[in-house]
Amino acid sequence: MKISKKIKSQIESGSWIRKMFEEGTALKKKYGEENVYDLSLGNPVMEPPKKFFEELQRLANNPKPGLHRYMPNAGYINTRSNIANQLKKEIGLNFSSDDIVMTCGAGGALNIILKTLLDPNDEVIIFSPFFAEYIFYIENHNGKHIIVPPDNNFHPDLNIFEKSITKKTKAILINSPNNPSGIVYPAKLIEKIANIINKKQAEFQTDIFVISDEPYKKITFDNIKSPEIFHYFNNGIIATSYSKDLALPGERIGYVAIHPEYKYKEEFIDGITFCNRTLGFVNAPAIMQNIIANLQNITVDIESYKLKRDFMYDNLTDMGYTINKPQGAFYMFPKSPIENELKFIEELKNENVLVVPGRGFGLEGYFRISYCLENKTLEGSLKGFKSAINKLNI
Ligand SMILES: Cc1ncc(COP(=O)(O)O)c(C=O)c1O
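Residues numbered from 1 in each chain as written. Predicted model: local features only at pLDDT ≥ 70, side-chain atom pairs only at ≥ 80, totals over all residues. Heavy atoms only, no water.

1. Concerning empty space enclosed by the protein
So, step 1. Overall, the coordinates contain three cavities of 30 Å³ or more when judged by the stated rule.
So, step 2. Estimates place the volume of the largest cavity at around 160 Å³.
So, step 3. Residue lining of the largest cavity: 14 residues in total, with Leu87, Glu90, Lys218, Thr240 and Tyr255 positioned closest to the centre.
So, step 4. The set of elements that each furnish at least two residues to the lining of the largest cavity consists of helix 4 (77–91), strand 7 (236–241) and strand 8 (254–258).
So, step 5. Grouping the constituent residues of the lining of the largest cavity by class yields five nonpolar, four polar and five charged.
So, step 6. Of the voids in this model, the second largest cavity is the one considered here, and its volume is about 60 Å³. (1 Å grid on protein atoms, 1.4 Å probe; cavity = no way out; pocket = protein on both sides within 12 Å on 5 of 7 lines; lining within 4 Å. Points joined across faces, edges and corners; volume = space filled by probe spheres on them. Helix = DSSP H or I, 4+ residues; strand = E, 2+ residues; numbered from the N terminus. Nonpolar A, V, L, I, M, F, W, Y, C, P; charged D, E, K, R; others polar.)

Encoded structure:
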């Protein structure tokens, strides 16, 4: 079959995901599900909070007339107002429903934002390590991604960042708490990024948007809070979802929020609403919009993620792994004990432990562990992690 060359090559470039999935399936068939420790997927095993099921029950028992019909492409006013009120409390700016558009998850949010902003060959800067789909999302809308590498803390190298900004830079895409590193960018770093952007905007007489992809914002540990990007960028845009903090990734519900004082916000909101429609999302799912309207400020049990983080971090560092301690999300990104992480991942696979190579996130020499899993899977994986590093004799 003749599919497009672009999609064919994108599938090829992301083929390690499929390869890992296939190898994992083969291992599970051979050794039994319970003897394979698959730490490769960011699909939380946690169930949504009790209140979610209560709301679902309430809707099922009292269906509103028209509940399943088309609606405005931006979503229900009531849901958007409730979100605006919550953001008002959290961020301290005067949000209204007009500043919010409901989306099919953070992925849907990022796609309508990029579709709205990008002209062909416009550049979008991303910081490695990054969520692998960013490259495809940017390419979906004929943009060009520019990768800025990190320092040892997985913060972007600011000298390279400054040099990477050109006249064609349309947006910077940031993700904190970060997938795959679990790092939360400190306020000082965001401030420095803002200073560089302001300088470059003045130099090139351009507008550079800061898109903050924050589906893990509420999953942080040790009293660390992710800084509010709207305090630093008055043309900031938030893309987020309830996939992670309410454990609803299959329900495809999220939103975009624009800075309430952004000068051209009406045009921007018109743009993303139009793209919600014309990319075929049409609107975010109706039942979920009704439910999350009443679940503002509710999350899954963050403490249980912290316990899992501590368990894996403490055990792996004791074995000799080098890890930047994650401050949020539910991933960690250890350094591969040998330079080529693909080779080390093979060693782990021989021990029935599956993880994802760092190069899939734009950074070789590391690998990603997802720990949003059952404790027995995490516990079971330790033996394999230990033998794999011990075999290296380093
Ligand atoms: C950093 C990041 N952004 C966006 C997404 C997409 O999330 P959603 O399920 O809300 O589309 C994910 C999902 O894993 C993610 O890790």
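Structure shown, so let's carry the discussion forward.
2. A few points about the packing of helix 11 (residues 302–319) against helix 13 (residues 375–390)
So, step 1. At a closest axis distance of 10 Å, the pairing of helix 11 and helix 13 adopts a crossing angle of 15°. As judged from the angle between their axes, helix 11 and helix 13 are roughly parallel. Remark: the crossing between helix 11 and helix 13 carries right-handed chirality. Contact residues: Lys308, Phe311, Met312, Asn315, Leu316 and Met319 in helix 11; Asn375, Leu378, Glu379, Ser381, Leu382, Phe385, Lys386 and Ile389 in helix 13.
So, step 2. Class assignment of the residues belonging to the contact of helix 11 with helix 13 gives a composition of eight nonpolar, three polar and three charged. (Axes fitted to C-alpha atoms, helices over the stretch in contact; angles between N-to-C directions. Parallel < 35°, antiparallel > 145°, perpendicular 65-115°, else oblique. Left-handed = near helix turned anticlockwise from the far one by under 90°. Contact = heavy atoms within 4.5 Å.)

3. Points about the packing of aromatic side chains
So, step 1. A full pass over the atoms with the stated rule returns 21 aromatic pairs.
So, step 2. The interplanar angle of 35° and the centroid separation of 5.7 Å between the aromatic rings of Phe344 and Phe367 together place this pair among those described as tilted. Remark: Phe367 occurs in strand 12 (residues 367–370) and Phe344 occurs in helix 12 (residues 341–350); sequence separation between them is 23 residues.
So, step 3. Judged by its relative accessible area of 0%, Phe344 falls in the buried class.
So, step 4. Cluster of aromatic residues (ring-pair linked, three or more members): Phe154, Phe333, Phe361 and Tyr366. (Phe/Tyr/Trp six-rings, centres within 6.5 Å; stacked < 30°, edge-to-face > 60°. Buried < 20%, exposed > 50% of the residue type's maximum accessible area, 1.4 Å probe, protein only.)

4. A closer look at the site of the ligand
So, step 1. Near the ligand, the surroundings consist of 14 residues, among which Asp213, Tyr216, Ser241, Lys244 and Arg252 are the closest.
So, step 2. Between an oxygen atom of the ligand and a side-chain N or O atom of Tyr216, the distance comes to 2.6 Å.
So, step 3. Contact distances for the ligand include 2.6 Å between an oxygen atom and a side-chain N or O atom of Arg252.
So, step 4. In a pocket analysis with a 2 Å cut-off to the grid points, the ligand is assigned to the largest pocket.
So, step 5. Looking at which element gives the most residues to the shell around the ligand, the answer is helix 5 (residues 105–117), with three residues. (Near = heavy atom within 4 Å. Polar contact = N/O pair within 3.5 Å; in protein donor to acceptor, adjacent residues only side chain to side chain. Sits in = over half its atoms within 2 Å of the grid points.)

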